[in-house]
Amino acid sequence: MFDSILVVCAGNICRSPTAEYVLKAKLADQKCTVSSAGLTAMVGKPADAMAQKIAASHGVIMDAHQGQQLSAQLVVNNSVILVMEQRHLNDVHKRYPEARGKTFLLGKWINNAEIPDPYRQSQEAFEHVYVLIDSVCSAWQKYL
């Protein structure tokens, strides 16, 4: 249905890269590109080591990830933009009014769930976030 999906969080090292790679795996048989960016990105940085460890334990490898900043070009070039929190949705709409109508909470299909930020938290926090991201990405599959 859509040819490009952009997943957005704050730093683009924990949540959005995890969702990017989970969606890539779930949509592998579709002709759809998936990428991620951050509102305050840690540009050029790899995914957080704990995020990578937890993802790898679920068979999702994120070694190639490098943080990138959200830009007008990324907004224009993607069919759907998925964000982690309501404040991210508000921020994207404020910065890029043209994103209205194609930007949604990643947790939209699960009661508009927000995805908490596990950065600098315990392994259990990262595991919880991974399971939540996997669940909401599964919910999106039928719409993407």
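Read on for an overview of the structure.

Quick notes on the rules
Residues numbered from 1 in each chain as written. Predicted model: local features only at pLDDT ≥ 70, side-chain atom pairs only at ≥ 80, totals over all residues. Heavy atoms only, no water. 1 Å grid on protein atoms, 1.4 Å probe; cavity = no way out; pocket = protein on both sides within 12 Å on 5 of 7 lines; lining within 4 Å. Points joined across faces, edges and corners; volume = space filled by probe spheres on them. Buried < 20%, exposed > 50% of the residue type's maximum accessible area, 1.4 Å probe, protein only. Helix = DSSP H or I, 4+ residues; strand = E, 2+ residues; numbered from the N terminus. Pairing = 2+ DSSP bridges. Phe/Tyr/Trp six-rings, centres within 6.5 Å; stacked < 30°, edge-to-face > 60°. Lys NZ or Arg CZ within 6 Å of the ring centre and 35° of its normal.

**Some words on empty space enclosed by the protein**
1) Next: Inspection of every chain in the model, using the stated rule, returns 1 cavity of 30 Å³ or more.
2) Next: Roughly 50 Å³ of internal volume is contained in the largest cavity.

**Some points on the pairing of strand E1 (residues 4-9)**
In summary, the side chains of a regular strand alternate between the two faces of the sheet.
1) Next: With respect to burial, E1 is a largely interior element, 6 of its 6 residues being buried.
2) Next: Judged by which residues are buried, E1 turns out to be covered on both faces: Ser4, Leu6 and Val8 on one side and Ile5, Val7 and Cys9 on the other are all buried.
3) Next: As defined by bridge partners, E1 adjoins strand E3 (residues 80-83) across 4 bridges and the pair is classed as parallel. Bridge pairing in E3 links Ile5 to Val80.

**Considering the packing of aromatic side chains**
1) Next: This structure, assessed with the given rule, holds 4 aromatic pairs.
2) Next: On the basis of an interplanar angle of 55° and a centroid distance of 5.9 Å, the ring pair of Phe104 and Trp140 is categorised as tilted. With Phe104 in strand E4 (residues 103-105) and Trp140 in helix H5 (residues 123-141), the pair connects residues that are 36 residues apart, well separated along the chain.
3) Next: On the basis of relative accessibility, which here comes to 4%, the residue Trp140 falls in the buried class.
4) Next: Of the aromatic side chains, those joined through ring pairs into one cluster are Phe104, Trp109, Trp140 and Tyr143.
5) Next: It is Lys24 that lies over the ring of Tyr21; its NZ or CZ is 4.5 Å from the centre.
6) Next: Its guanidinium or amino end placed over the ring of Trp109, Lys108 lies 4.8 Å from that ring's centre, counting from NZ or CZ.

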